[in-house]
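An overview of the molecular structure
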Amino acid sequence: MDLRALRYFITVLEAGSLSRAAALLYVAQPALTAQIKKLESELGAQLFERSHAGVTPTPAGMQLYHDARRLLSDAAALRERFQRPTQGLEGSVTLAVPSLLSSLLMGPVLKQLKLRHPFVRVFVLDDLSLMVKKTMLDRRADVGIMVDTPTLEGLVCEPLASESIFLCGFDVNGIAAPLLKRRRAARKATARRGRDEITFARAAQLPLVLQSRRFSIRQAVEQAASELGIELNVAYEHDSARVLRSLYQAGAGFTFTPACALDDSALADERWICARVTQPQLPRSYTLATLANRPADPVVQAVIDVLREEIARMVGQGLWDADLP
C-alpha cells in the first residue's frame, strides 16, 4: 500500500464514479480500477459497491476513507515541518463525537483550537453513540466523547457533562399544552432551569416520533416505560434524524431530544413544546475517553483542554442546558 493508492481511493469515493475519478486524476480508468482492486486485496476487504450508476463505499470503505484522509494529512504536515521552523504545538488528533452533540460543540471547539494552536489538525468522526464507543475500542480515535459509559476497559474515562432529555414538537392540535407544568420563564433561552416540565407518563401518551431501538435515547425511553408499566404511543418510527425533524416540525408528533440538540429559535412560536421530562427524569451523561497505556501527548492534551473550556463556557452562558461534574 502506498500514498498514491490512498489518494486514488479517496478521489474515487468523493467522485462517486471510477470514470469521473479517472478524469480528475488524469489516469486511464483500467489502471485506476486495478489500483482499487489491489488495495482491496491488500486490505482483505471490499471497499466499494459497484453499479451502473457508479460506486458507493462499503462500511470498510468509509472507515478507510477517514483513516486515509488523516494519514495523507499527516504526510503533508511531515513534509511541511521540514520546510519551516516549528511554531508551537503541531500534530493531528482524531476526535470521536456523538452526532447530536457535535452540531452544538464542534464549531466553537474547532474555532478556538484554530486560534490557539493553528498547526494542530483535528479530524472529527461524528456518529451514533454506539459507533463512537466502537471507534475508541478499535483505537481509531485519540479522544472520544461517550454517552452513558462511565468506564470501559482499555480506556481512561473521566466525567465530562450531563444533561436532561426533553419532549419537543409543535402542538398544532393543542393536545400537549394541558399536560405541561408551565413555567413561562422558559421562553427565554438563558433561563435554563425555568423550562416547562412534563411527566414521562403524560409524554408517553402523546403521538411520538422516534428512532428505532438501536439508538440510545430510544433505549432509555423504552426502559423508563417498562419500569412504569406503560406503553409508548409510537406514531412514526424512522432512523433518519432529518425525517424525524420534518415530521415533528409538521406537527405529526413529538420526540425525545437531549438538551444539546434543543432548538430555542422555535420558542418564538407559542405552539412549540419544549419540556423537561420528569418522573423519572432521563439523564444523559457524557464521558471523555482517551486510550489507556499511551504516553502523554501534548497535542492531545491541548485538544482536551480546549474541549473542556468550551463546554464550561457554553454551560456557564446557558448555551447548553447541562451540568458539569
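Residues numbered from 1 in each chain as written. Predicted model: local features only at pLDDT ≥ 70, side-chain atom pairs only at ≥ 80, totals over all residues. Heavy atoms only, no water.

1. Let's talk about the overall build of the chain
Broken down by element type, the chain carries 10 helices and 14 strands. Its C-alpha atoms give the chain principal-axis dimensions of about 65 × 50 × 40 Å. For the chain, with 325 residues in total, the buried portion stands at 47%. Across the chain, contacts joining residues at least 24 apart in sequence account for 75% of those joining residues at least 6 apart. Just so you have it, the chain exposes about 16,400 Å², and 53% of that area is on carbon and sulfur atoms. Treating the 40 positive side-chain charges of the chain as one cloud and the 35 negative ones as another, the clouds have centres 3 Å apart. (Helix = DSSP H or I, 4+ residues; strand = E, 2+ residues; numbered from the N terminus. Buried < 20%, exposed > 50% of the residue type's maximum accessible area, 1.4 Å probe, protein only. Contact = heavy atoms within 4.5 Å. Areas by Shrake-Rupley, 256 points an atom, 1.4 Å probe, with all protein chains shown as cover. Lys, Arg positive; Asp, Glu negative; His and termini not counted. Charge placed at Lys NZ, Arg CZ, Asp CG, Glu CD.)

2. Quick word on the packing of helix H2 (residues 18-25) against helix H3 (residues 29-43)
Put simply, H2 and H3 touch, their axes get as near as 9 Å, and they point 110 degrees apart. Between H2 and H3, the angle is such that the two are roughly perpendicular. Here H2 contributes Leu-18, Ser-19, Ala-21, Ala-22 and Leu-25 to the contact with H3, which in turn contributes Gln-29, Leu-32, Thr-33 and Ile-36. The class makeup of the residues in the contact of H2 with H3 is 6 nonpolar, 3 polar and no charged. (Axes fitted to C-alpha atoms, helices over the stretch in contact; angles between N-to-C directions. Parallel < 35°, antiparallel > 145°, perpendicular 65-115°, else oblique. Nonpolar A, V, L, I, M, F, W, Y, C, P; charged D, E, K, R; others polar.)

3. A look at the environment of Ala-204
Positionally, Ala-204 belongs in helix H7 (residues 200-205). Measuring from C-alpha to C-alpha, the distance between Ala-204 and Gly-107 comes to 34 Å, with 97 residues separating the pair along the chain.

4. Notes on the confidence of the model for the chain
Confidence along the chain averages 88 in pLDDT terms, with 93% of residues attaining 70 or more. The spread of mean pLDDT over the elements of the chain runs between helix H4 (residues 59-81), the lowest at 82, and H7, the highest at 96. A low-confidence stretch, residues 185-193 stays under pLDDT 50, and its non-local contacts, those more than four residues away or across chains, total 27 contacts. (pLDDT = per-residue confidence, 0-100.)

5. Some points on the pairing of strand S7 (residues 165-170)
Taken across its 6 residues, S7 has 6 buried, putting it largely inside the fold. Judged by which residues are buried, S7 turns out to be covered on both faces: Ile-165, Leu-167 and Gly-169 on one side and Phe-166, Cys-168 and Phe-170 on the other are all buried. Sheet topology places S7 next to strand S11 (residues 255-258); 4 bridges connect them, and they run antiparallel. Looking across to S11, one finds that Leu-167 is bridged to Phe-256. With 5 bridges joining them, S7 and strand S12 (residues 272-278) adopt antiparallel strand pairing. Considered in S12, the bridge of Gly-169 is made with Ile-273. (Pairing = 2+ DSSP bridges.)

6. Thoughts on the nonpolar core
The nonpolar side chains of a soluble globular protein tend to be buried, and buried together. Counting 37 residues, the largest nonpolar core has Leu-101, Leu-105, Ile-145, Tyr-286, Leu-307, Ile-311 and Trp-320 as its most contacted members. Residue assignment for this core shows that the elements contributing at least two residues are strand S3 (91-98), helix H5 (99-116), strand S5 (143-147), strand S6 (155-163), S7, S12, strand S13 (284-291) and helix H10 (298-316). Counting residues per element, this core draws most heavily on H10, at 9 residues. Apart from residues no more than four positions distant in its own chain, Ile-311 is found in contact with Leu-105, Leu-160, Ala-161, Trp-320 and Leu-324. Formed by 23 residues, the second largest nonpolar core is a distinct cluster that contains Ala-204, Ala-225, Phe-256 and Ile-273. (Core = buried A, V, L, I, M, F, W, Y, C linked by side-chain atoms within 4.5 Å.)

7. Some details on helix H8 (residues 216-228)
Across its 13 residues, H8 extends 19 Å between first and last C-alpha, which sits within 8% of the 18 Å expected from 1.5 Å per residue. Just downstream of H8 lies Gly-229, where phi reads positive at about 70 degrees. (Expected span 1.5 Å × (residues − 1).)

8. Observations concerning the state of the cysteines
Enumeration over the complete set of coordinates arrives at 0 disulfides. Lacking any disulfide linkage, Cys-157 is separated from the closest cysteine sulfur, that of Cys-260, by 19 Å. With no disulfide of its own, Cys-274 lies 3.8 Å from the sulfur of Cys-168, the closest cysteine sulfur. Note on Cys-274: relative accessible area 7%, which makes it buried. (Disulfide = S-S within 2.5 Å.)

9. Side note on the environment of Arg-214
Assignment of secondary structure puts Arg-214 in the loop between strand S9 (208-210) and H8. For the pair Arg-214 and Leu-128, spaced 86 residues apart in sequence, the C-alpha to C-alpha distance is 9.5 Å. In contact with Arg-214, other than residues within four places in its own chain, are Leu-128, Gln-219 and Asp-239.

10. Looking at the sheet that holds strand S14 (residues 322-323)
The strand order across the open sheet built from 6 strands is S4-S3-S5-S13-S6-S14, with neighbouring strands paired in mixed fashion. Edge positions in the sheet fall to strand S4 (120-127) and S14, since each has one partner strand and no second. Of the pairings in the sheet, the one linking S6 to S14 comprises 2 bridges and is antiparallel in character. Its bridge partner lying in S14, Glu-163 is registered against Ala-322. Where H5 meets the sheet, it contacts S3, S4, S5 and S13, and its direction lies at approximately 155 degrees from that of S3.

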